[in-house]
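Here is how the chains run, residue by residue.
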Amino acid sequence: MKIKLLGILFLTVTVFSMLSSCRKVEEDIVDCLSESILTSLHAHVSGSNPKQVEFNVSHSGENQITSIVWSFGDGTTTTTTGTTATHLYNAAGTYEVKADVNINNGKCTVSPKKSVDIQ
């Protein structure tokens, strides 16, 4: 009985460890007007300037993104009506980027986050 319980405990700890350590916070799901919407935040570092990053939000669902308020983690924010934003960082470091995605004129908001390393 002890061996069986230890095996179950080990399996539970292993699965929890795999789920919690490998998953980066870069997507979020919200229920908006009876529709589940998955929103993902992606970052692409420029090949010619490693401090310049293009961010992109993708989402699933029928509802439209009406605006995005971007927080770049360095005290800078901007608002766009499109799904992309480009930001130039002044210093190397790790920054947490957040995109407050407004759907259907603010009737729903989802806020995916992503950590970016700037060299």
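In this text the structure is predicted, and so the values were computed from the model without any measurement.

What counts and how
- Residues numbered from 1 in each chain as written.
- Predicted model: local features only at pLDDT ≥ 70, side-chain atom pairs only at ≥ 80, totals over all residues.
- Heavy atoms only, no water.
- Phe/Tyr/Trp six-rings, centres within 6.5 Å; stacked < 30°, edge-to-face > 60°.
- Helix = DSSP H or I, 4+ residues; strand = E, 2+ residues; numbered from the N terminus.
- Buried < 20%, exposed > 50% of the residue type's maximum accessible area, 1.4 Å probe, protein only.
- Polar contact = N/O pair within 3.5 Å; in protein donor to acceptor, adjacent residues only side chain to side chain.
- Contact = heavy atoms within 4.5 Å.

Comments concerning the packing of aromatic side chains
Inspection of the entire model under this criterion finds four aromatic pairs. Ring geometry for Phe55 and Trp70: centres 6.3 Å apart, planes at 40 degrees, overall tilted. Taken together, the positions of Phe55 in strand 3 (residues 52-59) and Trp70 in strand 4 (residues 65-71) put the pair 15 residues apart, joining distant regions of the chain. Assessed through its relative accessible area of 0%, Phe55 is described here as buried. Accessibility expressed as a relative area gives 0% for Trp70, which makes it buried. Relative to Phe72, the ring of Phe55 has its centre 5.7 Å away and its plane inclined at 40 degrees; by these criteria the two rings are tilted. Taken together, the residues Phe55 in strand 3 and Phe72 in the loop between strand 4 and strand 5 (77-80) connect sequence positions 17 residues apart. Look at Phe72 and you get buried, because its relative accessible area is 1%. Members of the aromatic cluster, each reached through a chain of ring pairs, are Phe55, Trp70 and Phe72.

Some remarks on the side chain of Asp100
Note on placement: Asp100 falls in strand 7 (residues 93-103). Judged by relative accessible area, which is 18%, Asp100 ranks as buried. Of note is the side chain of Asp100, whose polar atom sits 2.5 Å from the side chain of Ser111. Discounting residues that sit within four places of it in the chain, Asp100 has contacts with Ser67, Ile68, Val69, Thr109, Val110 and Ser111.

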